[in-house]
Amino acid sequence: MPGHPFGGMAESTESPGRFDGRMYGVRMLLPDGFPGQRLRVLPRPLVASALRRAPTSGLLVTDAGYFPSAADHGMHRPRSAPEAIVIVCTDGVGHCEVDGRVSVIRPGNALVLPPSRPHFYWADSRDPWTIWWLHAAGSQVSELLSVVTPDGGEAIIEVRDAYRAVSAIDDAIGFLERDESFPHLISASGAGWTLLAQLAADALTEAHQPTEPVRQAQEYLRHNFAKPVIVKELARTAGLSPSHFAALFRMAAGCGVVEYAKRLRMARARELLATTSRDISEIARTIGYNDAFYFSRTFRREHGCSPSEYRRGKN
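## Some remarks on the overall build of the protein chain
- Along its length, the protein chain carries eleven helices and twelve strands.
- Buried positions account for 45% of the 315 residues belonging to the protein chain.
- Counting contacts in the protein chain only where the partners sit at least 6 residues apart, residues at least 24 apart contribute 71% of the total.
- Total accessible area computed for the protein chain in this model is approximately 15,400 Å², and 53% of it derives from carbon and sulfur atoms.

This is how it looks when you write it as structure tokens:
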């Protein structure tokens, strides 16, 4: 393949989730065996059994690991893998090739490879990556991946909280290191679900990243939600027309300005109802409603119960 760093992609023989080292040019790429690594791979009969049993049928972590400074690391799966693969890079650089496209993975990136997608990834020769990774299978995986990678291809996600992502993988490895009992498989699955959910949220945030004027407006509303919401004034402060500002806000927040402020008010109302003994009219005034009856009607419409009923249910 022209431009390929190792002069072509050789076929490999592999069992599920594993790969035998192959020579690329003058380098032997290694699937594992790095000093300080952690690695857990479930036996495939156990995987098959767990995928037939709730709750691991929804999401099961089948493989997980940590490879520090993984020089000469590489994996070529021309027949793909049966699980989704997530690789979080915390140091160094890696590369991934899918359908002839080569992507660069840097610290703070998560590489997401859907199941049944042939791929080849490898550590940079000069600055090899440090990675935390896991494989996940199950009926819920495709639902989470539909947000992470809507087109079904590979994705590189900017991880907004790399510590939390690494902690999830660390937890999954830790549970599998204890033993392969069903309770620990469930616990590892919970960690895997947390990771994929975080990446889904990060992917949506990346796709709908607010512009600076919208971000500033959201910050203002979070601190001043009890004040009257005047879209024209917010737009004027942002230097935008009301229609343009409203469109940008809805794209970033998933709702209009007034609805956004109402959600902030309702969240504060729930907090005050659950944690204080203030009467309903005082809570209404605190969050910006001078008419307690209007507040109660709005609360009931949003929550299916009155403020008093909500409070009783929390006590």
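What follows picks up the thread again.
## Examining the sheet that holds strand β4 (residues 60-67)
- Within the open sheet, the six strands sit side by side as β3-β4-β11-β6-β9-β12. Their pairing is antiparallel. Since the sheet does not close on itself, it has two edges, and those belong to β3 (38-41) and β12 (155-158), each with one partner. Each adjacent strand pair in this sheet contributes to an overall mean axis angle of 20 degrees, direction not counted.
- Bridge count between strand β9 (residues 109-113) and β12: four bridges; the pairing is antiparallel. The partner of Asn109 across the bridge, within β12, is Glu158.

## With respect to the nonpolar core
- The biggest cluster of nonpolar side chains holds 39 residues, and the ones touching the most others in it are Val61, Val112, Leu134, Ile157, Leu195 and Leu199.
- Ranked by size, the runner-up nonpolar core spans 19 residues in total, among them Leu39, Ala81, Cys96 and Leu113.

## Here we look at the sheet that holds strand β8 (residues 101-105)
- With respect to topology, four strands assemble into an open sheet ordered β5-β10-β7-β8, the strand pairing being antiparallel. If you trace the sheet from one side to the other, it starts and ends with β5 (74-77) and β8, each paired once. Here the strands of the sheet are splayed against their neighbours by 15 degrees on average, with no regard to which way each runs.

## Here we look at the side chain of Arg77
- For Arg77, the location among the structural elements is in strand β5.
- Judged by relative accessible area, which is 1%, Arg77 ranks as buried.
- Side chain to side chain, Arg77 and Tyr121 meet in a polar contact 3.2 Å long.

## Structural notes on the environment of Met28
- Topologically, Met28 is positioned in strand β2 (residues 27-29).
- Owing to a relative accessible area of 38%, Met28 belongs among the partly exposed residues under this scheme.
- Taking the C-alpha atoms as reference points, Met28 and His73, 45 residues apart in sequence, are found 8.6 Å from one another.

## Concerning unusual backbone geometry
- A cis amide bond links Ala54 to the next residue, Pro55, at an omega of 5 degrees.
- Tracing the chain through its elements places Pro55 in the loop between α1 (44-50) and β4.
- In this model, Ser80 sits at a positive phi of 70 degrees, which is unusual for a non-glycine residue.
- Classification of Ser80 as buried rests on a relative accessible area of 13%.

## A few points about the packing of helix α10 (residues 292-303) against helix α11 (residues 307-314)
- Here α10 crosses α11 at 60 degrees, and the two axes come no closer than 9 Å. In terms of orientation, α10 lies oblique with respect to α11. Between α10 and α11, the contacting residues are Phe295, Ser296, Phe299 and Arg300 on the first element and Pro307, Glu309 and Tyr310 on the second.
- Residue composition of the contact of α10 with α11, grouped by class: four nonpolar, one polar and two charged.

## Some details on the environment of Phe182
- Topologically, Phe182 is positioned in helix α4 (residues 182-207).
- On a C-alpha basis, the gap between Phe182 and Leu46 in space is 9.8 Å, while along the polypeptide they are 136 residues apart.
- Aside from chain neighbours lying at most four places away, what touches Phe182 is Arg53, Ala54, Pro55 and Thr56.

## Observations concerning the confidence of the model for the protein chain
- On average, the protein chain scores 89 in pLDDT, and the residues at 70 or more come to 90%.
- Here residues 1-26 is modelled with pLDDT under 50, and outside its nearest four sequence neighbours on either side it reaches 62 contacts, counting other chains as well.

## Some details on the pattern of salt bridges
- In this structure the tally under the stated criterion is 15 salt bridges.
- Across the salt bridge formed by Arg44 and Asp63, the nearest N and O atoms sit 3.1 Å from each other. Taken together, the residues Arg44 in helix α1 and Asp63 in strand β4 connect sequence positions 19 residues apart.
- Residues joined by salt bridges that share partners form a network here, namely Glu259, Lys262, Arg263 and Glu302.

## Describing the packing of aromatic side chains
- The full count for this structure, using the stated rule, is eleven aromatic pairs.
- Judged by centre distance (5.2 Å) and plane angle (85 degrees), the rings of Phe249 and Tyr260 are edge-to-face. Note that Phe249 is positioned in helix α7 (residues 242-253) and Tyr260 in helix α8 (residues 257-275), a separation of eleven residues in sequence. Each of the two residues, Phe249 as well as Tyr260, counts as buried.

Conventions and cut-offs
Residues numbered from 1 in each chain as written. Predicted model: local features only at pLDDT ≥ 70, side-chain atom pairs only at ≥ 80, totals over all residues. Heavy atoms only, no water. Helix = DSSP H or I, 4+ residues; strand = E, 2+ residues; numbered from the N terminus. Buried < 20%, exposed > 50% of the residue type's maximum accessible area, 1.4 Å probe, protein only. Contact = heavy atoms within 4.5 Å. Areas by Shrake-Rupley, 256 points an atom, 1.4 Å probe, with all protein chains shown as cover. Pairing = 2+ DSSP bridges. Axes fitted to C-alpha atoms, helices over the stretch in contact; angles between N-to-C directions. Core = buried A, V, L, I, M, F, W, Y, C linked by side-chain atoms within 4.5 Å. Polar contact = N/O pair within 3.5 Å; in protein donor to acceptor, adjacent residues only side chain to side chain. Parallel < 35°, antiparallel > 145°, perpendicular 65-115°, else oblique. Nonpolar A, V, L, I, M, F, W, Y, C, P; charged D, E, K, R; others polar. pLDDT = per-residue confidence, 0-100. Salt bridge = Lys/Arg side-chain N within 4 Å of Asp/Glu carboxyl O. Phe/Tyr/Trp six-rings, centres within 6.5 Å; stacked < 30°, edge-to-face > 60°.

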